[in-house]
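# Examination of the molecular architecture
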Amino acid sequence: MSTAPSALAAGGSVAKGHSKRLAFARWTVAVIAARGIDAVLSFMVAVLLANRFGASAQLDAFFIARRATTGMTDLIRELVRKIAMPYIAPAIDEGRAVNWRTMPRSILAIVAVMVVLPALLIVEPALLVKVVAPGFEGEHAALATGLVRILVPLLPIAVITGLLLTYLQSAGVFFVGEASKALQRLVLVLLLVLFVPPLAVFGVAWTMLLGGILAAGVLAGIAFRTHRRRQLATAPEHPAGEAERADAVPPPRGRVLAALLLFFYHQLTVVIDFAFASSLQTGTVASLEYGTRLVSLIPGLVTLSVSTVLYPEVVRIMRGNDVGAKSRAIHQLMRGSLFVQVPCSLVLACAAAPLVQLLFGHGGFDADAQRGTIVATQYYAVAAIFLMPTSLAMNAIYSDSEHSPLIATLVLAGVGLALRAALLWGLVPVYGLAGLGLAVVLATFAMSVLSLWVCNRRFRELAPARLLPELALIAVCGLAGASAGYGMAGLMPSNTTLTEALAIVVIAGAAAGTFTAVALALRQPDMVAAIGTAREQWLRWNAR
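Since this is a predicted model, take the numbers as computed values, not measurements.

Thresholds applied
Residues numbered from 1 in each chain as written. Predicted model: local features only at pLDDT ≥ 70, side-chain atom pairs only at ≥ 80, totals over all residues. Heavy atoms only, no water. pLDDT = per-residue confidence, 0-100. Contact = heavy atoms within 4.5 Å. Salt bridge = Lys/Arg side-chain N within 4 Å of Asp/Glu carboxyl O. Helix = DSSP H or I, 4+ residues; strand = E, 2+ residues; numbered from the N terminus. Buried < 20%, exposed > 50% of the residue type's maximum accessible area, 1.4 Å probe, protein only. Core = buried A, V, L, I, M, F, W, Y, C linked by side-chain atoms within 4.5 Å. Axes fitted to C-alpha atoms, helices over the stretch in contact; angles between N-to-C directions. Parallel < 35°, antiparallel > 145°, perpendicular 65-115°, else oblique. Left-handed = near helix turned anticlockwise from the far one by under 90°. Nonpolar A, V, L, I, M, F, W, Y, C, P; charged D, E, K, R; others polar. Phe/Tyr/Trp six-rings, centres within 6.5 Å; stacked < 30°, edge-to-face > 60°. Expected span 1.5 Å × (residues − 1). Bend = angle between axes of the 7 residues up to and from the residue. Patch = residues over 30% accessible without salt bridge, like charges linked within 9 Å, V, L, I, M, F, W, Y side chains within 5 Å. Areas by Shrake-Rupley, 256 points an atom, 1.4 Å probe, with all protein chains shown as cover. Polar contact = N/O pair within 3.5 Å; in protein donor to acceptor, adjacent residues only side chain to side chain.

### Points about the confidence of the model for the protein chain
In the predicted model, the protein chain carries a mean pLDDT of 77, and the fraction of residues at 70 or more is 82%. Contacts from residues 1–18, a stretch scored under 50 in pLDDT, to residues over four places away or in other chains number 35 contacts. Predicted confidence for residues 236–250 stays below pLDDT 50, and this span has 22 contacts to residues more than four positions away or in other chains.

Have a look at this one:
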């Protein structure tokens, strides 16, 4: 059976290079499709919850409990994937057995911790609620505590599913693994459509737990079937009785601790934002939740999908000894990721008002809640632009085989958290939710500058003098697209469902179309490359 890493490593001829590009395309489309299904179901859940509970204490408590538990599951899966991929992928490439006996002790330790920790939280969930929502008191705190106790078991389930997903992705299986996560949301959608009116918010939490268990079982079945096919297709080079532990060769110094730092950094940024939001008026947490969900929609479908497919290749590039090659890879990935992110963020920021009104302008989600969601969507959409360089820098530093990633990761995470907390502390009491959004934009912008500086010190050939003009060119395209999008937003009516949908299409077309036209006129490198690739594929298709 051909595995993902072996396909990525293939090369040396035009045919193999073409096959590699097609493999990337297939895997990326598969992940986008799976995450698209999950995103649609996720927004169905969000809309149904908003219509059922409105901007109420129940919904605020539910979102805090979900952020504190299931909100961590994607990060837990990413942490497990980041640590386990360097061991599982080579084992599959070399035909070695992949089981608990060959698993690195670092991964087994994380599994043990994530089993013990939820047990403690089930006993005393109020401690977690006080940390993530210090502004909650009385009914808010009681509701959140009860919901956390129900949802906490999803944390150890996320560890197991993270290992299963890493195995499947290493074996070149992407769609079914990603699609299994949508099963949990499908179960919840069915409950909300059929049974939620007579049930309280606790019924929603119990359904989420049941859906998580069911999805993990399906994923385990798929992984077992894939494992059996591998066993039948290839005889392992190292029989189970002779296999050495995967951690016989120690990992790069500080890598596991750096992965943990990245995990806590990403989680604490969310916790800090929602902690400050919990001190504002009722409904702010729900507005922030829906705003961040809208912002994550397109990056989740495109940017994160591409990142999922490219991660094994990035690891291989950063394991090499050629500093110039590493620097050029970072340069191209940073420019390309921003080129994709900027128009996505522009479309969301410009079309935030009609989009929020279309999705949430019904039922119990009143005008104040909608205005708060619009503000959160606009600010976080802008912040997402500056988040891309930071994420790329952290991944590159973590994957570098020449130096320990610990110190650089510690600096980035520590400065990022301190700066974010300071800005929120200064702006939220004065400007409310708008101040929170502004603080997030300023913090992510500062972090993108710092991450570029750290990368330049580590990879000397990154040459910011060459990179900055290219980023400035993307900024010019973005400003032109934003002007067109916001200008059109001021002209389009959005007082009915039809006009809201039409406004979204027109505003998105104006912003994205202007961005593309300016990029073409200025011959932005990524746009030129995309046009060239599309032309090549068209000619090849016509020649058949």
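### Regarding the pattern of salt bridges
Scanning all chains against the criterion turns up six salt bridges. Salt-bridge contacts for D273 lead to R420; the nearest nitrogen and oxygen are separated by 2.9 Å. Of this pair, D273 sits in helix 11 (residues 255–277) while R420 sits in helix 17 (residues 406–458); the two residues are 147 residues apart in sequence, bridging distant segments of the chain. In this pair, the class of D273 matches that of R420, namely buried. Residues R335 and D526 are paired through a salt bridge, measuring 2.9 Å at the closest nitrogen-oxygen approach. Taken as a pair, R335 in helix 14 (residues 323–350) and D526 in helix 20 (residues 525–543) lie far apart in primary sequence, 191 residues in all. Since its relative accessible area comes to 13%, R335 is described here as buried. When its relative accessible area of 17% is taken as the criterion, D526 is described as buried. By sharing partners, the salt bridges in this structure join R66, E289 and R293 into a single network.

### A look at unusual backbone geometry
Located in the positive-phi region is R523, a residue other than glycine, with phi close to 55 degrees. Mapped onto the elements, R523 comes out in the loop between helix 19 (497–521) and helix 20.

### Regarding the nonpolar core
The biggest cluster of nonpolar side chains holds 138 residues, and the ones touching the most others in it are L49, F62, I76, V204, Y290, F360 and L436. It is helix 17 that contributes the most residues to this core, 16 residues altogether. Excluding its chain neighbours within four sequence positions, the residues that come into contact with L436 are D273, F276, A277, L288, Y380, L424 and V428. One finds C350, A351, M492 and I507 within the second-largest nonpolar core, a separate group that totals five residues.

### Considerations on the packing of helix 16 (residues 367–399) against helix 17
It is the contact of helix 16 with helix 17, at a shortest axis distance of 8 Å, that shows an interaxial angle of 15 degrees. By the angle between their directions, the pair helix 16 and helix 17 is classed as roughly parallel. Handedness of the crossing formed by helix 16 with helix 17: left-handed. Considered class by class, the residues forming the contact of helix 16 with helix 17 number 23 nonpolar, seven polar and one charged.

### Examining the packing of aromatic side chains
Overall, the coordinates contain five aromatic pairs when judged by the stated rule. Ring geometry for F62 and F63: centres 5.8 Å apart, planes at 55 degrees, overall tilted. Among the aromatic side chains, those forming a connected cluster through ring pairs are F62, F63, Y290 and F360.

### A word on the packing of helix 11 against helix 16
The contact between helix 11 and helix 16 brings their axes to 11 Å, and the two run at 170 degrees. By the angle between their axes, helix 11 is roughly antiparallel relative to helix 16. You can see that helix 11 and helix 16 cross each other, and the crossing is right-handed. Here R255, A258, A259, L262, Y265 and D273 of helix 11 come into contact with helix 16, specifically with Y380, M394, Y398 and S399.

### Brief notes about helix 17
Its 53 residues place the ends of helix 17 only 13 Å apart at the C-alpha level, less than the 78 Å of an ideal helix rising 1.5 Å per residue. A bend of about 150 degrees at Y431 is the largest found in helix 17.

### Some details on helix 8 (residues 154–170)
In this model helix 8 runs 24 Å from its N-terminal to its C-terminal C-alpha over 17 residues, within 8% of the 24 Å that 1.5 Å per residue would give. Burial analysis of helix 8 places 16 of its 17 residues in the buried class, which makes it a mostly covered element. Remark: G172 follows helix 8 within two positions and exhibits a positive phi of approximately 80 degrees.

### Quick notes on a nonpolar patch on the surface
A contiguous nonpolar patch, built from V113, V115, V116, L117 and L120 and spanning about 440 Å² of accessible area, is present on the exposed surface. Mapped onto the elements of the fold, L117 is located in helix 5 (residues 105–123). Overall, the relative accessible area of 37% leaves L117 in the partly exposed class.

### What about the environment of A30?
As for its position among the elements, A30 is in helix 2 (residues 14–53). Separated by 279 residues in sequence, A30 and V309 place their C-alpha atoms 9.9 Å apart.

### A short note on the side chain of R293
Its location among the elements puts R293 in helix 12 (residues 284–301). In this structure R293 comes out as buried when scored by relative accessible area, which is 14%. In this structure the side chain of R293 is engaged in a polar contact, spanning 2.9 Å, whose partner is the side chain of E289.

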